[in-house]
Amino acid sequence: MIYISEWLPNPPGPDAEGEWLELFNNGDAAVNLGGWFLTTGGGKTFSLSGGISPNGHRLFRRSETKLTLKNSGETLSLYNVSGKLIDSSSYKGSA
């Protein structure tokens, strides 16, 4: 199963240079992310590609995703190729 393992919406310095998110595959098989996508609470979408090895992590920097994460109250959601919600992570208040 693929999870949103970590994300950094409000890094020290410019957000455009430091924001990132990470996915984790806790399964025993590689997962192809082609057709999967991420959304933010603000309605931004990023289509994924590539894959994640078994028990592996994959880091996505803002420069790659072009997703702008809010510094106060944000939701990040992960959907599979069928459009099914696989994982979601959010916080309230300031990051």
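The coordinates are above.
Bear in mind that the values here come from a model prediction, so they are computed numbers and not experimental data.

Caption draft 1: Up close: the sheet that holds strand β8 (residues 72-79). Read from one edge to the other, the open sheet built from 4 strands follows the order β5-β4-β8-β9, with strand pairing classed as antiparallel. The open sheet is flanked by β5 (45-47) and β9 (85-94), the only strands paired with a single partner. Sheet twist, expressed as the average angle between the axes of neighbouring strands with direction ignored, equals 15°. Of the pairings in the sheet, the one linking strand β4 (residues 37-40) to β8 comprises 4 bridges and is antiparallel in character. Note that in β8 the partner of T39 across the bridge is S77.

Caption draft 2: Structural context of the sheet that holds strand β7 (residues 57-61). Across the sheet, 3 strands lie side by side as β1-β2-β7; this open sheet has antiparallel pairing. If you trace the sheet from one side to the other, it starts and ends with β1 (2-8) and β7, each paired once. Looking at each pair of strands side by side, their axes are set apart by 20° on average, direction ignored. Pairing geometry for strand β2 (residues 20-25) and β7, over 5 bridges, is antiparallel. In the sheet register, W20 faces β7, and the bridge partner there is R61.

Caption draft 3: Structural context of the packing of aromatic side chains. For the structure shown, the criterion picks out 3 aromatic pairs. Consider the rings of W7 and Y91, whose centres lie 5.6 Å apart with planes at 55°: the pair is tilted. Of this pair, W7 sits in strand β1 while Y91 sits in strand β9, and the two are 84 residues apart along the sequence. Just as W7 is buried, Y91 falls in that class too. Residues F37 and Y79 carry aromatic rings whose centres are separated by 4.9 Å and whose planes lie at 10° to one another, so their mutual orientation is stacked. Placement of F37 in strand β4 and of Y79 in strand β8 is noted, with a sequence separation of 42 residues between them. Take Y79: its relative accessible area is 21%, and that puts it in the partly exposed class.

Caption draft 4: Structural context of the nonpolar core. Formed by 18 residues in total, the largest nonpolar core has its most connected members in L21, L23, L38, L48 and L78. For this core, the secondary-structure elements that each account for two or more residues are β1, β2, β8 and β9. If you tally residues by element for this core, the top one is β1, at 3 residues.

Rules behind the numbers
Residues numbered from 1 in each chain as written. Predicted model: local features only at pLDDT ≥ 70, side-chain atom pairs only at ≥ 80, totals over all residues. Heavy atoms only, no water. Pairing = 2+ DSSP bridges. Helix = DSSP H or I, 4+ residues; strand = E, 2+ residues; numbered from the N terminus. Axes fitted to C-alpha atoms, helices over the stretch in contact; angles between N-to-C directions. Phe/Tyr/Trp six-rings, centres within 6.5 Å; stacked < 30°, edge-to-face > 60°. Buried < 20%, exposed > 50% of the residue type's maximum accessible area, 1.4 Å probe, protein only. Core = buried A, V, L, I, M, F, W, Y, C linked by side-chain atoms within 4.5 Å.

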